[in-house]
Amino acid sequence: MASTVSEVAEVTRPEQVALRSSLWHEAFLRLKKKRLAMVGLVFLLVMAVVCFIGPFFSPYASGKINTAMINKPPSFSHWLGTDSLGRDILTRLMQAGRISLTVGIASMVLSVSIGALLGALAGFYRGWVDQVIMRVADVLMTIPGLPLLFIMGAVLSEWKIPTDYRIYIVMVMLSLIGWPGLARMVRSQMLTLRESEFMQAAEVLGLRDRRKLFFHLLPNLTPLLIVVATLNVGGAILSESVLSYFGLGVVPPTPTWGNMMDAANTLIDFQKRPWLWVPPGIAIFATVISINLLGDGLRDALDPKQKR
Amino acid sequence: MNALVEIQNLSTYFKSEQGVVKAVDALELRVHEGETVCIVGESGCGKSAAAMSLMRLIPEAVGSIVSGEIWFAGRDLRKVSKEEMRKLRGNELAMIFQEPMSSLNPVLTIGEQIMEPIMEHQGLSKKAAQARAIELIELVGIPRAKEIAKSYPYELSGGMLQRIMIAIAISCNPRLLIADEPTTALDVTIQAQILDLLRKIKDEAQTAILFITHDLGVVAEMADHVVVMYAGKVVEVSPVVELFEEPKHPYTQGLLRSKPVLNQRRAKLYSIPGQVPNPTTLGESCYFHDRCDQCLDICRVKQPPLRDGGDGRKVACWLYEEESVRGQ
Ligand SMILES: Nc1ncnc2c1ncn2[C@@H]1O[C@H](COP(=O)(O)OP(=O)(O)OP(=O)(O)O)[C@@H](O)[C@H]1O
Ligand code: SF4
Ligand SMILES: [Mg+2]
């Protein structure tokens, strides 16, 4: 069986093969046409670069307390003014951005991994695996998220968990209550995919379950996962901000956008010193909006079937 | 000589809302090494159900094999473990389907999909599997194999995809290749090319082929032996030439009435008057009796057994039974 039978081959259409724009490339081209999504993407990239690189160029990066410069309004030396301890707001805003973005992305990775894995297992194996996973998901979904986080935040303070570790615990907490929504979506997609003709056809290849699950089924869900992951980052940033604002998440002196907003807590700061809380407020708002715009754009770009 | 596949008394039933569907009813089938056996019959007569039973891929939720033995290379496939069965599939037992367009995973490249069974069953490294995949693409007659390996299913035509399906099926040098109407969805010229390719594989690799079709023209081109099925039962078994020269069973005669000449393609199925019986209400009669123009009294009350004529042919019809056996 060594020779070929090219004499019976039909001619391949050359333009088709030459046009080997992969699925990803095409999706990116579609995304590029979405003005708002691109604005979101560019904003996020600029934001990330500024937050991660900016502090290196700031003379105030040490965050030293300067009693001579307390609560000064914006000026040439301090573009966004200083806070109640005389620290530069702009520098802290950038440092906070690092943490908020990192927390958002890390808890997204964790919750998307958990959600995708559990949803995939439930949809693939069905039966009791499905029952157990989905009942746990149901229970988690009935628990209102914020009160639970408040309680856990309070418990963490009570137990005197070192403040440096709080941030990691907050991330894990956010992920642990964040997965059921995605798990449900992945499960229902899995149930459909399982019955698809190509998976039926793949049955005759004698592949292992693990291979079918991770190599054949999950890649079909990549678009869904990307969109959910993007939107999740926004959600996680918001949750972290809320927690930190109430002093339950990341604790000062480590800055986050949430705990910087804490300044708005006192009436005099709120009324007389808007430079304390407006910048972090705008940062949260603009970042989350950008993420949502990008997520919506990705949804359309990755799923051309869903045309409106 | 022992057969590669020997199916005895195989029955596969489906549960449906109207009742139990005897999709395969006491099937007998034999395929020798290097031989092509065609299963012919109208739509719904249980051809696919028979093939899926052999692969042990009848979905548990809707149906099951209720009796019989499926001997493959000395093993009864009904008795091997799930894990052993998995190792046979894609390896010694391969299968291709009717719809090449939807039988491949849309998000994996052609190359990746060919590599899958090779890495699983032959334990080849990724690199070696890649090289083998490209070899296989060339082998099934597609030029520029390297580029094709990197493309996605939606970039290829139906005929090319069916070649790819064949490449996947033969990747581990199977002993039996089951082809379930592999050309039905393709146009006629492409169909001829695919049949050529399958014949070439059979000749060069001595792969036994179980070919399912309802097209007698394809039977004439492909088969060594023919098994005619009607309503889940085998009604006639015969070497191909004898079957076309002298069909015995009235159903086979009906199928051939449109006179497809041996070695001539495109003979469409002559439609026999009447309809395939409702599979849930089959009684004790010959299932074909209400469409048969030679029906006898006994046909309405008793099923004819599949009788070996001693000349390599078998037929299940009272016309070929001795008077004494027919009784009455
Ligand atoms: N999943 C299923 N659930 C219930 N009944 C089924 C199922 N699959 C097949 N059947 C029934 O079993 C019988 C045989 O079906 P099968 O698919 O084997 O026919 P076939 O000969 O392959 O027909 P075709 O030429 O249309 O492919 C039919 O009556 C069909 O209704
Ligand atoms: S057994 Fe009777 S009814 Fe059935 S095919 Fe033969 S002659 Fe016709
Ligand atoms: Mg079929």
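Because the structure is predicted, anything quoted here is derived from the model rather than measured. (Residues numbered from 1 in each chain as written. Chains lettered and ligands numbered in written order. Predicted model: local features only at pLDDT ≥ 70, side-chain atom pairs only at ≥ 80, totals over all residues. Heavy atoms only, no water.)

Draft legend 1. Inspection of the overall build of chain B at higher detail. For chain B, the count of helices and strands is 11 helices and 12 strands. Its C-alpha atoms give chain B a radius of gyration of 21 Å, within 12% of the compact-globule value 20 Å for 328 residues. Overall size of chain B, expressed as C-alpha extent along the three principal axes, is 70 × 45 × 45 Å. Buried residues in chain B amount to 57% of all 328 residues. Within chain B, contacts between residues at least 6 apart in sequence are counted, and of these 64% link residues at least 24 apart. (Helix = DSSP H or I, 4+ residues; strand = E, 2+ residues; numbered from the N terminus. Rg over C-alpha atoms; globule rule 2.2 N^0.38 Å. Buried < 20%, exposed > 50% of the residue type's maximum accessible area, 1.4 Å probe, protein only. Contact = heavy atoms within 4.5 Å.)

Draft legend 2. Inspection of the packing of aromatic side chains at higher detail. One pass over the structure, following the stated rule, counts four aromatic pairs over all chains. Measuring from centroid to centroid gives 5.0 Å for Tyr 230 of chain B and Phe 288 of chain B, while their planes differ by 80°, and the two rings are edge-to-face. Of the two residues, Tyr 230 of chain B is situated in strand 9 (residues 225-230) and Phe 288 of chain B in the loop between helix 10 (250-256) and strand 11 (307-308); the sequence distance between them amounts to 58 residues. A relative accessible area of 2% means that Tyr 230 of chain B is categorised as buried. What makes Phe 288 of chain B buried here is its relative accessible area of 3%. In this structure, Arg 194 of chain A is placed above the aromatic ring of Phe 124 of chain A, and the distance from its NZ or CZ to the ring centre is 5.7 Å. A cation sits over an aromatic face here: Arg 211 of chain A above Phe 215 of chain A, 4.2 Å from the ring centre. (Phe/Tyr/Trp six-rings, centres within 6.5 Å; stacked < 30°, edge-to-face > 60°. Lys NZ or Arg CZ within 6 Å of the ring centre and 35° of its normal.)

Draft legend 3. Up close: the site of ligand 2. Residue and element names in this part refer to chain B. The full set of residues close to ligand 2 is His 249, Pro 250, Cys 286, Phe 288, His 289, Cys 292, Gln 294, Cys 299, Pro 304, Cys 317, Trp 318 and Leu 319. A majority-of-atoms criterion places ligand 2 in the second largest cavity. Here the shell around ligand 2 is composed, by residue class, of nine nonpolar, three polar and no charged. (Near = heavy atom within 4 Å. 1 Å grid on protein atoms, 1.4 Å probe; cavity = no way out; pocket = protein on both sides within 12 Å on 5 of 7 lines; lining within 4 Å. Sits in = over half its atoms within 2 Å of the grid points. Nonpolar A, V, L, I, M, F, W, Y, C, P; charged D, E, K, R; others polar.)

Draft legend 4. Examining the pattern of salt bridges more closely. Residues and elements named next belong to chain B. The final tally for this structure, using the stated rule, is 31 salt bridges over all chains. The residue Arg 30 makes a salt bridge to Glu 6 at a minimum N-O spacing of 2.7 Å. Of the two residues, Arg 30 sits in strand 2 (residues 19-31) while Glu 6 sits in strand 1 (residues 5-16), which places them 24 residues apart along the sequence. The partner of Glu 135 in a salt bridge is Arg 132, with the nearest N and O atoms 3.2 Å apart. Separated by three residues within a single helix, Glu 135 and Arg 132 lie in helix 4 (residues 126-139), roughly one turn from each other. (Salt bridge = Lys/Arg side-chain N within 4 Å of Asp/Glu carboxyl O.)

Draft legend 5. Spatial organisation of the state of the cysteines. Residues and elements named next belong to chain B. What the rule picks out here adds up to zero disulfides over all chains. Free cysteine: Cys 38, not disulfide-bonded; nearest cysteine sulfur from Cys 45 at 13 Å. Just so you know, Cys 295 is unpaired, no disulfide at all, and the nearest cysteine sulfur is the one on Cys 299, 4.3 Å from it. In this structure Cys 295 comes out as partly exposed when scored by relative accessible area, which is 22%. (Disulfide = S-S within 2.5 Å.)

Draft legend 6. View of the layout of surface pockets. Volume-wise, the largest pocket comes out at about 1500 Å³. Secondary structure elements with two or more residues in the lining of the largest pocket: helix 4 (89-125), helix 9 (197-203) and helix 10 (209-217) of chain A together with helix 1 (47-54), strand 4 (63-72) and helix 2 (82-88) of chain B. A per-element tally of the lining of the largest pocket places helix 9 of chain A first, with six residues. (Points joined across faces, edges and corners; volume = space filled by probe spheres on them.)

Draft legend 7. Up close: the sheet that holds strand 5 (residues 75-76) of chain B. Taking strand neighbours across the sheet as the criterion, the four strands line up as 2-1-4-5 (chain B) in an open arrangement whose pairing is antiparallel. The open sheet has two edge strands with one neighbour each: strand 2 and strand 5 of chain B. (Pairing = 2+ DSSP bridges.)

Draft legend 8. Region of interest: the UniProt feature "transmembrane region" (unreviewed entry) in chain A. UniProt records the feature "transmembrane region" (unreviewed entry) for residues 36-57, 99-124, 136-155, 167-186, 217-238 and 275-298 of chain A in the present numbering. Helix makes up 95% of residues 167-186 of chain A and strand 0%, and the two end C-alpha atoms of the span are 28 Å apart. (UniProt positions renumbered as here; feature names shortened; annotations may be inferred.)

Draft legend 9. Looking closely at the sheet that holds strand 9 of chain B. Residues and elements named next belong to chain B. Pairing is mixed across the open sheet formed by eight strands, whose spatial order is 6-7-8-3-9-10-12-11. Edge positions in the sheet fall to strand 6 (93-96) and strand 11, since each has one partner strand and no second. As defined by bridge partners, strand 11 adjoins strand 12 (residues 314-315) across two bridges and the pair is classed as antiparallel. Its bridge partner being in strand 12, Asp 308 is matched across the sheet by Lys 314. Relative to the sheet, helix 6 (residues 158-170) contacts strand 6 and strand 7 (176-180), its axis offset from that of strand 6 by approximately 170°. (Axes fitted to C-alpha atoms, helices over the stretch in contact; angles between N-to-C directions.)

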